[in-house]
Each structure stands twice: as structure tokens, then as C-alpha cells.
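Read off the chains here:
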Amino acid sequence: MRFTAAVLRAYDGPFTVEPVALASGPADGEVLVRIAGCGLCRTDLAVRRSAGRSPLPAVLGHEGAGVVEATGGGDTGLRAGDHVVLSFDSCGRCRGCLGAAPAYCDSFAALNLFGGRTGHAARFTDSTGAPLAPRWFGQSAFAEYALVPARNAVRVDPALPLALLGPLGCGFLTGAGAVLNSFRAGPGDTLLVLGAGSVGLAAVMAATAAGAVTVAVDRQPRRLALAERFGALPLAADVSGLPERVARLTDGGARYALDTTADVPLINDALRSLRPTGRLGLVARLHSGLRLETGTLDRGRGLAHLCEGDAVPGLLIPRLTALWQAGRFPFDELIRTYPLSAVNEAERDCESGRVVKPVLIPGS
Ligand SMILES: [Zn+2]
Ligand SMILES: [Zn+2]
């Protein structure tokens, strides 16, 4: 079958919207999904800086949501017409997967970033028959259709606004999962969030929904105003004495902190802002070594890099949609939609911070 997709052909080039082809339909355990919308995540854009590790030309996009058009052999647990949110891929057999931690799948990097499942390679080509990179995050959803493992498709209530749900599979899952899964924050807990982008703001919303008190730090007043609207106490990133300010706002220090900035001085400040035994989660990829200042880990403080909010997508995504339906996780307010053909404009708006979460709509 032929359909339209946004293809990235050069690490420093624009996306081109062009016809692509799939040589066969869903294999065993796969489903074909007609994409209703796909979020643009910073990990898509990080391919540009992957130094060739993520192969091109590629169809990126890993926050897709859509309607199941066809199912392959085997029991996929899905039927044509089901509405699904697509998330990251995992093998289902390694110790991480067996232990309900698919984000720490032994094959995470291979399946999502650098290769995909071998069966999918060679089926996916451009209109001249030249091969495209293997499936990205088990999806390649900057397209009208995606052929995905049923394992990373989560069925959702058809009453939900399907085109907007894709970011629940990665960016919003990452922020909300850190709060609800990694930290298990509850009423009266205190949380410091560094960076009020899509991941940070999802963390703020989840913390507010959980009854926790959040302090949000960002350089952009517009983003801080958003964090405040979703329940956080705003704090400008460029003021001195951040730990002391956080201590005043949180009665002696935050129980948890989440860094989305990869800014090493801010990470040190975040550790200093924690109460004894407090936990810092890092979600952004560090581009340099992480030099911790003396004393920052004293008194039982700890830090870990968190992947995909420690989430089992099939459990967390329905929880987040239920919170949205109750008016307590208004993620749709962070989204601006673009036709798929405006993918380059969406990238510019995301990079400049003008839009928190662009969502591309194929066929519009
Ligand atoms: Zn696995
Ligand atoms: Zn992502």
C-alpha cells in the first residue's frame, strides 16, 4: 500500500512530505493503524544530533494515535475499528519486560532508536522502492498509516479526542509517570520540576492531581505562567539561591525533584533543594559528564535516570485519560495541531518554545 509520510532524509535537512510504500500488511502480532494525530517529541528532533546512529532516510514520529484498520495473525487483542494510542516498543520476554518495566527492556535502544524489529526492515520503502530506515519506536507515525506491534498499541475509549491522544504514549507519559509511578507522590508531598516543557508540565498536572505541592522552575515567563495555571508555584530559573527559595516554599526542602533540562548547575541545585532521603529523577539526555558538587548527595539523597516514566503504557495511559475525563489532567491545553504537511513549521515552533506540544494531523 502507498500513503503519505514525512521523511527526514538528511540530519540537517527539512522533512519532506512524500509518498511511501509498505510491501505487506500486518504480520503475526501486528496491527495496521490509520493515524489520526502524532505528537512531535524532542526525541524525534534529537535524531538530527545522533551523529548517524539513527539511520536515515527515516519516517519518525512516536506519539501516534489512530484507528486499527487491520490485524495480523495470532491473537493481537485488538480488532478493526479499535481506537489506540501507540507507545514505545519492548520485547516482552526479557527480565525488564517480565518485571513490568518495559521501559528498561534489554532491547529498548535497538527496538526504538537504532534498528526496529528485523521483520519490518525491507517492507518499508519510498516511492522509488529505496529502503527507509526500520520502524522508529515501533511506529514511524509521521504518516497516514503505521504498521505496529500490537504490544505497543493501547486501546482507549472511542469517546476521547483521538487525534490529540498520541503524546500520552511518550512525552506526557514520561512526566506523569515520573510523578505517579517513580515517585508515587501523594497528598502533601512536595515536588520540584525543572523545565516547564511538555514533560515538566505533565509532571505538574499529575502532581496537582495527586494532591502534591509543586514548585516549577523555567527561564521563560510564559511557560512559568502555564505551570502556575496547572497548580505549581512558579520560580524563575535565573535567580540565585534556588535551594533556599525552594526550601521556603516547601517547608524545608522538596521530597522529589524532576529535571527535564540536562543543565548541570540546575541539577546540582535540584539536589541541594531536596529534603534528606529525597529523590531526583533525570529525564533529559545529558550531553556532557555530570559533575556533582560536594555534599549534594549527602543525607540519603539519590538520583536516577528515568525512562518513559517507569510506565507500563497499558496501565498508565487509561489512568491519564480517566484523569482527563475528570478535568484533572488537561493535557489538551498544551497542544497545537498542524497538518502533516506543516511538519517543518511545527519543528520550528517546538524548538523556539512557542508551542509546548505540536501534534501533526495527516490528511488535513
Ligand atoms: Zn524486553
Ligand atoms: Zn518521546
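Residues numbered from 1 in each chain as written. Chains lettered and ligands numbered in written order. Predicted model: local features only at pLDDT ≥ 70, side-chain atom pairs only at ≥ 80, totals over all residues. Heavy atoms only, no water.

Per an unreviewed UniProt entry, the protein chain goes by Alcohol dehydrogenase catalytic domain-containing protein and derives from Streptomyces doudnae. Per UniProt, the protein chain carries the Sequence similarities (unreviewed entry) text "Belongs to the zinc-containing alcohol dehydrogenase family." According to UniProt, the comment filed for the protein chain under the heading Cofactor (unreviewed entry) is "Zn(2+)". (UniProt positions renumbered as here; feature names shortened; annotations may be inferred.)

Visitor: Mind showing me how you'd approach the coordination of the zinc ion (ligand 1) here?
Guide: For a metal bound by four donors in tetrahedral geometry, the ideal donor-metal-donor angle is 109.5 degrees, whereas six donors in octahedral geometry ideally sit at 90 or 180 degrees. For the zinc ion (ligand 1), the protein coordination sphere consists of Cys91 (SG), Cys94 (SG), Cys97 (SG) and Cys105 (SG), at 2.3 to 2.4 Å. Each of the 4 donor atoms around the zinc ion (ligand 1) contributes to a set of angles spanning 106 to 115 degrees, which defines the coordination as tetrahedral. When the donor residues of the zinc ion (ligand 1) are listed from N- to C-terminus, their spacing reads C-x2-C-x2-C-x7-C. One end of the pair, Cys94, is in the loop between strand S5 (83–86) and helix H2 (95–98); the other, Cys105, is in the loop between H2 and helix H3 (108–114), and 11 residues separate them in sequence. Residues Cys94 and Cys105 agree in their burial class; the two are buried. (Donors = N, O, S within 2.8 Å, 3.2 Å for Na, K, Ca; no water. Tetrahedral: all angles 85-135°; square planar, octahedral: opposite > 155°, others 65-115°. Helix = DSSP H or I, 4+ residues; strand = E, 2+ residues; numbered from the N terminus. Buried < 20%, exposed > 50% of the residue type's maximum accessible area, 1.4 Å probe, protein only.)

Visitor: Just checking my understanding: could you explain the coordination of the zinc ion (ligand 2) for this structure?
Guide: Donor atoms from the polypeptide that coordinate the zinc ion (ligand 2) comprise Cys41 (SG), His62 (NE2) and Cys170 (SG), at 2.1 to 2.2 Å from the metal. Positions of the donor residues of the zinc ion (ligand 2) along the chain correspond to the pattern C-x20-H-x107-C. With Cys41 in the loop between strand S3 (30–39) and helix H1 (42–46) and His62 in the loop between H1 and strand S4 (64–71), this pair connects stretches of sequence that are 21 residues apart. For the pair shown, Cys41 and His62 are each scored as buried.

Visitor: For this particular structure, what's the right way to read unusual backbone geometry?
Guide: For residues that are not glycine, phi is negative in most cases, and the peptide bond is trans in most cases. The peptide bond linking Leu56 to Pro57 adopts the cis configuration, its omega dihedral lying at -5 degrees. The phi torsion at Ser140 lies on the positive side, around 55 degrees, for a residue other than glycine. In the Ramachandran plot, Arg299 falls in the positive-phi region, its phi being about 60 degrees despite a non-glycine side chain. Note that Arg299 resides in the loop between strand S13 (274–282) and strand S14 (302–305). On the basis of relative accessible area, Arg299 is assigned to the exposed category, the value being 62%.

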